[in-house]
Amino acid sequence: VLIVIICAVAGLGYIRERYTPSNERANLNDLFQITAADEAAVIVNDLLTEEKAKLYQGEVYLTYSYVTSSLNKKVYMDERERLLLYALPERIVQAAEGTPLADMAELEGVEGNMAPVWFEEEGVYYISVSFVSRFTDRNFQYFEEPARLFIDDSEGTRRQAEVQKDTQVRRLGGIKSEIVTDAAAGSQVEILDSMEEWSQVRTENGFIG
């Protein structure tokens, strides 16, 4: 009888261990490869890139080299005149060094924002996402904790689903995988990939799992 009891307890422990979901949470800075307080991850079409955005005076910035190579080739930095230029069909938009975002009539939602349109640091030029997004046919979304910038193609539709009950979004498929974020019943997620038992999703608050 004692042997039977011991085996039963061991069996229950094994079952509990195997089928109980893990409560361990992922380190989000590690997940998004953020190593500095003024860094923001850059996720393009739901893929984490090696590029990092920079946080400065409450604004998000991308390097000039990344903007012109990957997002918008029409943005031009005149290093001699210290001017950021963008050519519209009828005129040239320009921002001198130190120009606050609030002074740019072409931008919306920047009233009172005194962060510069662009700045230079250690020989690298950084351009405000508020400026880049105004003239670039992409969707930009910024989220905090941790800092991350999503950049998505504007074309195409994404499959949507409603979360049916409170649950967790995990780093990988499987109940033992680390939790990335919680998903409340009634919230919406975008379906990125469907598998047999798990689906990869992107949540409303900017997490993928």
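The following refers to the structure shown. (Residues numbered from 1 in each chain as written. Predicted model: local features only at pLDDT ≥ 70, side-chain atom pairs only at ≥ 80, totals over all residues. Heavy atoms only, no water.)

Check the secondary structure of the chain and you find 4 helices and 15 strands. On C-alpha atoms alone, the chain measures out to a radius of gyration of 23 Å, which is more than a quarter above the 17 Å that the 2.2 N^0.38 rule sets for 209 residues. Residues counted as buried form 41% of the 209 residues belonging to the chain. Pairs at least 24 residues apart make up 50% of the contacts formed inside the chain by residues separated by at least 6 positions. In the form shown here, the chain has an accessible surface area of approximately 12800 Å², with 49% of it arising from carbon and sulfur atoms. (Helix = DSSP H or I, 4+ residues; strand = E, 2+ residues; numbered from the N terminus. Rg over C-alpha atoms; globule rule 2.2 N^0.38 Å. Buried < 20%, exposed > 50% of the residue type's maximum accessible area, 1.4 Å probe, protein only. Contact = heavy atoms within 4.5 Å. Areas by Shrake-Rupley, 256 points an atom, 1.4 Å probe, with all protein chains shown as cover.)

Moving on, we get to the pairing of strand β5 (residues 83–87). With 4 of its 5 residues buried, β5 lies for the most part within the structure. Inspection of the sheet shows strand β4 (residues 75–78) paired to β5 by 4 bridges, in the antiparallel sense. Residue pairing for β5: M77 is matched across the bridge by L84. The turn linking β4 back onto β5 is made up of 4 residues, and R82 within it adopts a positive phi angle of 60°. Relative to strand β6 (residues 92–96), β5 runs antiparallel, the two being bridged by 5 bridges. Within the sheet, the bridge partner assigned to L83 lies in β6 and is A96. Here β5 folds back onto β6 in antiparallel fashion, the turn holding 4 residues. (Pairing = 2+ DSSP bridges.)

This part is about the layout of surface pockets. Estimated volume of the largest pocket: approximately 740 Å³. Every element with two or more residues in the lining of the largest pocket is listed here: β2 (47–56), β11 (159–162), β12 (167–170), β14 (188–194) and β15 (199–203). A per-element tally of the lining of the largest pocket places β12 first, with 4 residues. The residue makeup of the lining of the largest pocket, split by class, is 17 nonpolar, 7 polar and 6 charged. Taken together, L55, Y56, G58, E59, V60, V129, F140, Q141, Y142, E144 and L149 form the lining of the second largest pocket. Elements represented by at least two residues in the lining of the second largest pocket include exactly β2, β3 (59–63) and β9 (138–143). When residues of the lining of the second largest pocket are assigned to their parent elements, the largest contribution, 3 residues, is made by β9. (1 Å grid on protein atoms, 1.4 Å probe; cavity = no way out; pocket = protein on both sides within 12 Å on 5 of 7 lines; lining within 4 Å. Points joined across faces, edges and corners; volume = space filled by probe spheres on them. Nonpolar A, V, L, I, M, F, W, Y, C, P; charged D, E, K, R; others polar.)

Attention now goes to helix α3 (residues 64–71). Buried residues of α3: Y64, Y66, V67 and L71, and no others. All buried residues of α3 fall inside an arc of 165° around its axis, so they share one side. Seen from the open side of α3, the exposed residues pointing more than 90 degrees away from its buried face are S65 and S69. (Arc of directions from axis to C-beta.)

With antiparallel pairing, 3 strands are arranged side by side in an open sheet as β4-β5-β6. Both outer strands of the open sheet, β4 and β6, are each paired with one neighbouring strand and no more. Here the strands of the sheet are splayed against their neighbours by 25° on average, with no regard to which way each runs. (Axes fitted to C-alpha atoms, helices over the stretch in contact; angles between N-to-C directions.)

Another point: the nonpolar core. Burial of nonpolar side chains together is a common tendency in soluble globular proteins. Ranked by size, the top nonpolar core spans 37 residues in total, and within it L62, L84, V117, W118, I127, F131 and I151 carry the most contacts. If sequence neighbours within four positions are ignored, I127 has contacts with V60, Y61, L62, Y64, V75, L84, V117, W118 and V132. With 9 residues, the next largest nonpolar core counts F32, F143, F150 and F207 among its residues. (Core = buried A, V, L, I, M, F, W, Y, C linked by side-chain atoms within 4.5 Å.)

With that out of the way, let us pick up the environment of N113. Among the secondary structure elements, N113 is positioned in the loop between β6 and β7 (118–121). Residues N113 and T63, 50 residues apart in the sequence, show an inter-C-alpha distance of 20 Å. Here N113 is in contact with E59, P100, L101 and A102, once residues within four sequence places are set aside. Within the structure, N113 has its side chain in polar contact with the backbone nitrogen of A115 (distance 3.0 Å). (Polar contact = N/O pair within 3.5 Å; in protein donor to acceptor, adjacent residues only side chain to side chain.)

On to the side chain of K52. Here K52 shows up in strand β2. Lacking a salt bridge, the buried K52 has E39 as its closest oppositely charged neighbour, with an N-O distance of 5.2 Å. Here the side chain of K52 touches Q33 through a polar contact of 3.4 Å, landing on its backbone oxygen. Contact partners of K52, with chain neighbours within four places excluded, come to F32, Q33, E39, A40, A41 and V42. (Lys, Arg positive; Asp, Glu negative; His and termini not counted. Salt bridge = Lys/Arg side-chain N within 4 Å of Asp/Glu carboxyl O.)

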